[in-house]
Amino acid sequence: MRYEKKPLPGGSSGNSSMPRPATARPLRLLSLVLLGTLLALPPAAAQHRQVSVAFYNVENLFDTIASPLHADGDFTPSGRYGWDTERYRTKLDRIARTIDDAGFDVVALAEVESERAVRDLAETLHDDYSFIYRSTSDRRGISLALLYKGDKFFPGEISRIASGTSREFLYVQGELIGYPTGLLVCHLPSKFNDRKYRIRAAARLAEVADSLLVRAECSRLLVLGDFNGELDEEPFRRAFGPERDGHLAGGRLRNALREHARNGFGSYCWEGEWLLYDNLLVSAPPAEGDGLHLRQAGIFVRDYLLTGHDGEVSHRTRRGYPFRTFSGNRYLGGYSDHLPVYVILSR
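None of these values were measured; they are calculated from a predicted model.

Enquirer: I would appreciate a short explanation of the overall build of the chain in the present structure.
Expert: Check the secondary structure of the chain and you find six helices and 17 strands. When each of the 347 residues of the chain is scored for burial, the buried share is 59%. Accessible area of the chain: about 14800 Å², with a carbon and sulfur share of 47%.

Enquirer: How do you make sense of the packing of aromatic side chains when you look at a structure like this?
Expert: Where two aromatic rings form a pair, the distance of their centres and the angle of their planes describe that pair. This model, assessed by the stated rule, comprises 13 aromatic pairs. Taking 6.0 Å as the distance between ring centres and 45° as the angle between the ring planes, the aromatic pair formed by Trp 83 and Phe 326 counts as tilted. Of this pair, Trp 83 sits in the loop between β1 (50-61) and α1 (85-102) while Phe 326 sits in strand β15 (residues 326-327), and the two are 243 residues apart along the sequence. Phe 326 matches Trp 83 in its accessibility class, with the two residues each being buried. Look at Phe 104 and Phe 300: their rings are 6.1 Å apart centre to centre, the planes differ by 75°, and that puts the pair in the edge-to-face class. On the criterion of sequence distance, the pair formed by Phe 104 in the loop between α1 and β2 (106-112) and Phe 300 in the loop between β14 (293-299) and β15 is long-range, its members being 196 residues apart. Since its relative accessible area comes to 0%, Phe 104 is described here as buried. Every member of this aromatic cluster is reached through a ring pair, and the members are Phe 62, Phe 75, Tyr 81, Trp 83, Phe 326 and Tyr 331. Positioned above the aromatic ring of Tyr 331, the side-chain terminus of Arg 87 is 3.9 Å from the ring centre.

Enquirer: What's the story with the nonpolar core in this structure? I'm lost.
Expert: Ile 99, Leu 109 and Leu 147 are the most contacted members of the largest nonpolar core, which has 74 residues in total. Examining the composition of this core, we find that seven residues originate from one element, β1, more than from any other. Other than its neighbours up to four places away in sequence, Ile 99 contacts Tyr 56, Phe 104, Val 107, Leu 109, Leu 121, Leu 125, Tyr 129 and Leu 147. Ranked by size, the runner-up nonpolar core spans 25 residues in total, among them Tyr 171, Val 208, Ala 209 and Leu 212.

Enquirer: Would you take a moment to explain the sheet that holds β2 for this structure?
Expert: Strands in a sheet are paired, the pairing made by backbone hydrogen bonds, and the direction either parallel or antiparallel. Read from one edge to the other, the open sheet built from six strands follows the order β3-β4-β2-β1-β17-β14, with strand pairing classed as mixed. Whereas interior strands pair on both sides, the edge strands pair on one side only; in this sheet they are β3 (130-134) and β14. For this sheet the average axis-to-axis angle between neighbouring strands, irrespective of direction, equals 15°. Where β1 lies against β2, six bridges are found, and the strand directions are parallel.

Enquirer: Mind showing me how you'd approach α1 here?
Expert: One turn of the α-helix equals 3.6 residues, which is why residues spaced by three or four share an orientation. Here α1 contains 18 residues, and its C-alpha end-to-end distance of 26 Å stays within 8% of the 26 Å for a straight helix at 1.5 Å per residue. The buried count for α1 comes to 13 of 18 residues, which makes it a mostly enclosed element.

Enquirer: Help me understand the confidence of the model for the chain in this model?
Expert: Interpretation of this model should avoid reading the predicted coordinates in detail wherever pLDDT is low. Summary statistics for the chain give a mean pLDDT of 85 and a share of 82% for residues scoring 70 or more. Below a pLDDT of 50 lies the segment residues 4-26, which in the model reaches 42 contacts outside its immediate sequence neighbourhood of four places, other chains included. Here residues 28-41 is a poorly scored stretch, pLDDT under 50, and it has 47 contacts once near neighbours within four places are set aside; other chains count.

Enquirer: Any chance you could explain the layout of surface pockets here in plain terms?
Expert: To locate leftover empty space, one rolls a probe as large as a water molecule over the atoms. Taken as a whole, the largest pocket holds about 1400 Å³ of empty space. As for the largest pocket, its lining consists of 50 residues, of which Phe 192, Tyr 268, Trp 270, Arg 324 and Asp 337 are closest to the centre. For the lining of the largest pocket, the secondary structure elements donating two or more residues are β1, β11 (268-270) and β15. Across the lining of the largest pocket, the residue classes break down as 17 nonpolar, 14 polar and 19 charged.

Enquirer: Whenever I open this one, unusual backbone geometry confuses me. Can you help?
Expert: Working note: non-glycine residues mostly have negative phi, and peptide bonds are mostly trans. The phi dihedral of Glu 111 falls on the positive side, at around 65°, and the residue is not glycine. Considering the arrangement of structural elements, one finds Glu 111 in strand β2. Glu 111 sits in the buried class, given a relative accessible area of 13%. The phi dihedral of Glu 271 falls on the positive side, at around 50°, and the residue is not glycine. For Glu 271, the location among the structural elements is in the loop between β11 and β12 (273-275). Given the relative accessible area of 60%, Glu 271 is considered exposed.

Enquirer: What am I meant to see in the pattern of salt bridges here?
Expert: Any two side chains of opposite charge can pair if their charged atoms end up close together. Applying the stated criterion to the full structure yields 17 salt bridges. As a salt-bridge pair, Lys 152 and Asp 105 come within 3.2 Å of each other at their nearest N and O atoms. Of this pair, Lys 152 sits in the loop between β4 (143-148) and β5 (153-161) while Asp 105 sits in the loop between α1 and β2, and the two are 47 residues apart along the sequence. For Lys 152, a relative accessible area of 7% corresponds to the buried category. With a shortest N-O distance of 3.9 Å, Glu 233 and Arg 198 are connected by a salt bridge. Taken as a pair, Glu 233 in the loop between β8 (221-226) and α4 (234-240) and Arg 198 in helix α3 (residues 195-213) lie far apart in primary sequence, 35 residues in all. Residues Glu 233 and Arg 198 agree in their burial class; the two are buried. Residues joined in a network through salt bridges with shared partners are Asp 105, Asp 127, Lys 149 and Lys 152.

Reading guide: rules and limits
- Residues numbered from 1 in each chain as written.
- Predicted model: local features only at pLDDT ≥ 70, side-chain atom pairs only at ≥ 80, totals over all residues.
- Heavy atoms only, no water.
- Helix = DSSP H or I, 4+ residues; strand = E, 2+ residues; numbered from the N terminus.
- Buried < 20%, exposed > 50% of the residue type's maximum accessible area, 1.4 Å probe, protein only.
- Areas by Shrake-Rupley, 256 points an atom, 1.4 Å probe, with all protein chains shown as cover.
- Phe/Tyr/Trp six-rings, centres within 6.5 Å; stacked < 30°, edge-to-face > 60°.
- Lys NZ or Arg CZ within 6 Å of the ring centre and 35° of its normal.
- Core = buried A, V, L, I, M, F, W, Y, C linked by side-chain atoms within 4.5 Å.
- Contact = heavy atoms within 4.5 Å.
- Pairing = 2+ DSSP bridges.
- Axes fitted to C-alpha atoms, helices over the stretch in contact; angles between N-to-C directions.
- Expected span 1.5 Å × (residues − 1).
- pLDDT = per-residue confidence, 0-100.
- 1 Å grid on protein atoms, 1.4 Å probe; cavity = no way out; pocket = protein on both sides within 12 Å on 5 of 7 lines; lining within 4 Å.
- Points joined across faces, edges and corners; volume = space filled by probe spheres on them.
- Nonpolar A, V, L, I, M, F, W, Y, C, P; charged D, E, K, R; others polar.
- Salt bridge = Lys/Arg side-chain N within 4 Å of Asp/Glu carboxyl O.

Shown next, in the form of structure tokens:
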């Protein structure tokens, strides 16, 4: 664990001075604040009355060892990206710093290559996390994982569900602070893929979520992942129906980040525009019924997660963008091209 945690001055989330480039939708960021301190540990008596669940696309967390099963040669010491031990350790330190600073209780990860990479990340974290990893059929080995604190989440059923694409869904059924809850994690195809392919993937996600919700043992469901699109786009309107007051799928699911999207906040930036590609959907019981209630949702941001936080910006790097690991073939040594999103549920 090499990184040093440095609190921001005055407890600020550190985004008050971020500039706004002139774009169709202003470049804006959302501080994640909970009673003055982001996800600060509550008093001991209250620690088991709330839980934070997050999703984080960590942008190509590859180990350095060539796999005989995947086309991962670019991420090796002799490969295209010169992915050596130093760069790998820097990447682990970066992601661990983000998760430790946020203090998430449960965090689903996208773009992890191997169980080895997830294990190394868990060992780099300051907090004690267990993990679940399931590979997908993705040619490069892009897969999903789940980190969780054992006193907040106890997994039971773990399965890989066909998605209609090479990136299967990860489903974990367990007890979330004592309440049976299902977590459905996805990484949907990007817009570089054929439109029909993306529509099919979105429809499959909605189909699986609906199937899980009709099972008595899955009365609470969280759908979280990188949708590679916003919920008002055609593939998701077709799959989940039009969004009405934040509700989707005939009222069975709720868009936890609806207000953030309406106000122009995002987790990913493309050509100067913030886009909410990382989404969190919660079923009706956590949002409104008995038991777990949706207390808060947001996007986690710190100065160090953005370009230009240290006052220096390359002429080829725009200020205030997610500080990513690579820009094309150019190594930047940052964190990820996405920001984490989260919900807080309470009894």
